[in-house]
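Residue strings, one per chain:
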Amino acid sequence: MSNIEQTLSIIKPDAVERNLDNEIKEVFKNKGFSIVKEKKIQIEKSEAERFYKVHETKPFYNDLCAYLSSGPIVVMILQKENAVLGNRELMGATNPVEAEEGTIRKKYGISIDKNSVHGSDSIDNAKIEIDFFFKD
Ligand code: IDP
Ligand code: MG
């Protein structure tokens, strides 16, 4: 049975700043994801705070929101069979030093905060995050 899903991916400021956005998009495409929608934007800190609200009690919340709003990002809707989990696997662990060989964070991530990509962690959050950036 086919189980086509959509998930939200963000190429974060550290990767866009290093002009890695096209290269990272190719990684997704080579793994069979289609990029259904995409846009390069810069968000306000207040929008980053809304996006990362689940983390508001974490000690790194303020830095995280300042960082996500610090420069251009590329937000994308990725589509594929089991896209949510597939994207999480392709991204690798949150901390690039713990990410497996062949993952995006292993290859491109600089540190736990500058880890190059965001990906939705569940089907429910994928819907919420896609709406956050693409509902018009
Ligand atoms: P995820 O991006 O792998 O889903 P989350 O736990 O949801 O990881 O955290 C969201 C983001 O917050 C991470 O991608 C990372 O940029 C940042 N972050 C997570 N944990 C830490 C930390 O301990 N210190 C600094 N930043 C962190
Ligand atoms: Mg997360």
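Now for a description of the structure that goes with this document.

Reading guide: rules and limits
- Residues numbered from 1 in each chain as written.
- Chains lettered and ligands numbered in written order.
- Predicted model: local features only at pLDDT ≥ 70, side-chain atom pairs only at ≥ 80, totals over all residues.
- Heavy atoms only, no water.
- Near = heavy atom within 4 Å.
- Polar contact = N/O pair within 3.5 Å; in protein donor to acceptor, adjacent residues only side chain to side chain.
- Areas by Shrake-Rupley, 256 points an atom, 1.4 Å probe, with all protein chains shown as cover.
- Nonpolar A, V, L, I, M, F, W, Y, C, P; charged D, E, K, R; others polar.
- Pairing = 2+ DSSP bridges.
- Helix = DSSP H or I, 4+ residues; strand = E, 2+ residues; numbered from the N terminus.
- Axes fitted to C-alpha atoms, helices over the stretch in contact; angles between N-to-C directions.
- Contact = heavy atoms within 4.5 Å.
- Core = buried A, V, L, I, M, F, W, Y, C linked by side-chain atoms within 4.5 Å.
- Buried < 20%, exposed > 50% of the residue type's maximum accessible area, 1.4 Å probe, protein only.

1. Here we look at the site of ligand 1
Turning to step 1, where the next piece is worked out: Neighbouring ligand 1 are K12, H55, F60, L64, R88, T94, R105, I112, D113 and N115.
Turning to step 2, where the next piece is worked out: In this structure, an oxygen atom belonging to ligand 1 sits 3.0 Å away from a side-chain N or O atom of K12.
Turning to step 3, where the next piece is worked out: Within the complex, 76% of the 530 Å² of free accessible area of ligand 1 lies under protein.
Turning to step 4, where the next piece is worked out: Of the residues belonging to the shell around ligand 1, the class tally is three nonpolar, three polar and four charged.

2. Here's the deal with the sheet that holds strand β4 (residues 117-119)
Turning to step 1, where the next piece is worked out: If you walk across this open sheet you meet the four strands as β2-β3-β1-β4, and the pairing is antiparallel. One side of each edge strand has no neighbouring strand; the edge strands of this open sheet are β2 (34-41) and β4. Put simply, the sheet's adjacent strands are angled 20 degrees from each other on average, direction ignored.
Turning to step 2, where the next piece is worked out: Direction of pairing for β2 relative to strand β3 (residues 73-81): antiparallel, over a ladder of seven bridges.

3. Quick notes on the environment of F51
Turning to step 1, where the next piece is worked out: Turning to its location among the elements, F51 is positioned in helix α3 (residues 45-51).
Turning to step 2, where the next piece is worked out: Measuring from C-alpha to C-alpha, the distance between F51 and F132 comes to 7.6 Å, with 81 residues separating the pair along the chain.
Turning to step 3, where the next piece is worked out: With near-sequence residues (within four places) excluded, F51 lies in contact with L8, I10, L68, H118, E129, F132 and F133.

4. So, the nonpolar core
If you look at soluble globular proteins, the nonpolar side chains tend to sit buried side by side.
Turning to step 1, where the next piece is worked out: Core analysis: the largest hydrophobic core is formed by 17 residues, its most contacted members being I11, I24, F28, F33, M76, L78 and I104.
Turning to step 2, where the next piece is worked out: Among the elements of the structure, α1 (13-17), α2 (21-30), β3, α5 (83-91) and α6 (104-108) are those that each provide at least two residues to this core.
Turning to step 3, where the next piece is worked out: Contact partners of I104, with chain neighbours within four places excluded, come to I24, V27, F28, L90, M91, G109 and V117.
Turning to step 4, where the next piece is worked out: Counting 16 residues, the second largest nonpolar core, distinct from the first, contains I10, I43, L68 and F133.

5. Let's talk about the side chain of T103
Turning to step 1, where the next piece is worked out: Mapped onto the fold, T103 is located in the loop between α5 and α6.
Turning to step 2, where the next piece is worked out: In this structure T103 comes out as buried when scored by relative accessible area, which is 9%.
Turning to step 3, where the next piece is worked out: A polar contact of 3.3 Å, which involves the side chain of T103, links it to the backbone nitrogen of K106.
Turning to step 4, where the next piece is worked out: If we skip the residues at most four places from it in the chain, T103 touches E89, L90, M91 and G92.

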